[in-house]
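Summary of structural features
As a plain string of letters, each chain reads:
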Amino acid sequence: MGVVKLLPEYGLVYEVETGKVVPESGNMVKYSMDPVNAALDKLDKYADDLMNSLAPTGNFLESFPHREKSLYYAGIFTNMFYGFIFGLLVAFLVVILRFMGLI
C-alpha cells in the first residue's frame, strides 16, 4: 500500500489507495531512494549531454578535451562540400542545355 507522509511529527500519513489521512501504523516498509536518485543523476548528465549536442559549440560528456567546436567546423566543411557539388551539377546542367541549344 502506498502512503505519503503528511505530518511526520504527528504520525499522519495519506493512503494513496483509499484517499484518507490515517495515523501511521507500525507495519510500514520504508524504501531507500538513494539508488533511484543516483540513476536519476546519471540520466540528468545524459540529458545535459544530449542538449549540448544540439549546440555546435558544446562539448560532449565522453569526448576528448579541447574538442568544443568540432561539430561547428564539421558543419562548415560539410556545407561547403555539398555547395560545391550542387554548384558543379548546376554548371553541368547549364553546359548540357547550351550544348543542346535549349538555352
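A quick note: this is a predicted structure, and the numbers were derived from the prediction, not measured.

1. Description of the confidence of the model for the protein
Confidence along the protein averages 87 in pLDDT terms, with 96% of residues attaining 70 or more. The secondary-structure element of the protein with the lowest mean pLDDT is strand β1 (residues 3–7), recorded at 83, while helix α2 (residues 70–100) shows the highest, at 95.

2. Brief notes about the pairing of strand β2 (residues 12–15)
Two faces, one strand: in a regular strand the side chains alternate between the faces of the sheet. On β2, burial follows the alternation: V13 and E15 on one face are buried, whereas L12 and Y14 on the facing-out side are not. Linking two consecutive strands that pair antiparallel, namely β1 and β2, is a turn of four residues; a positive phi of about 75 degrees is found at G11 within it. Two elements, β2 and strand β3 (residues 20–23), share four bridges in a ladder whose sense is antiparallel. Bridge pairing in β3 links Y14 to V21. In this structure, the hairpin formed by β2 and β3 is closed by a connection of four residues, where G19 is found at a positive phi of approximately 80 degrees.

3. Here we look at the packing of aromatic side chains
According to the stated counting rule, one finds two aromatic pairs in the structure shown. On the basis of an interplanar angle of 70 degrees and a centroid distance of 5.4 Å, the ring pair of Y72 and Y73 is categorised as edge-to-face. Residue classification places Y73 among the partly exposed positions, given a relative accessible area of 43%. Taking the ring centre of Y72 as reference, the NZ or CZ of K69 above it sits at 5.9 Å.

4. Things to note about the sheet that holds β1
Taken together, three strands build an open sheet; the order of strands is β1-β2-β3 and the sheet is antiparallel. Because the sheet does not close on itself, it has two edges, and the strands there are β1 and β3. For this sheet the average axis-to-axis angle between neighbouring strands, irrespective of direction, equals 35 degrees. Here four bridges tie β1 to β2, and the two strands are oriented antiparallel to one another.

5. Quick word on unusual backbone geometry
If you check the backbone angles, H66 has positive phi at about 65 degrees while not being a glycine. Among the secondary structure elements, H66 is positioned in the loop between α1 (34–54) and α2.

6. Overview of a nonpolar patch on the surface
On the surface, F86, V90, F92, V94, I96, F99, M100, L102 and I103 cluster together into a nonpolar patch covering about 990 Å² of accessible area. Tracing the backbone through its elements, the reader meets F86 in helix α2. On the accessibility criterion, F86 (57% relative accessible area) is exposed.

Definitions and cut-offs
Residues numbered from 1 in each chain as written. Predicted model: local features only at pLDDT ≥ 70, side-chain atom pairs only at ≥ 80, totals over all residues. Heavy atoms only, no water. pLDDT = per-residue confidence, 0-100. Helix = DSSP H or I, 4+ residues; strand = E, 2+ residues; numbered from the N terminus. Buried < 20%, exposed > 50% of the residue type's maximum accessible area, 1.4 Å probe, protein only. Pairing = 2+ DSSP bridges. Phe/Tyr/Trp six-rings, centres within 6.5 Å; stacked < 30°, edge-to-face > 60°. Lys NZ or Arg CZ within 6 Å of the ring centre and 35° of its normal. Axes fitted to C-alpha atoms, helices over the stretch in contact; angles between N-to-C directions. Patch = residues over 30% accessible without salt bridge, like charges linked within 9 Å, V, L, I, M, F, W, Y side chains within 5 Å. Areas by Shrake-Rupley, 256 points an atom, 1.4 Å probe, with all protein chains shown as cover. Salt bridge = Lys/Arg side-chain N within 4 Å of Asp/Glu carboxyl O.

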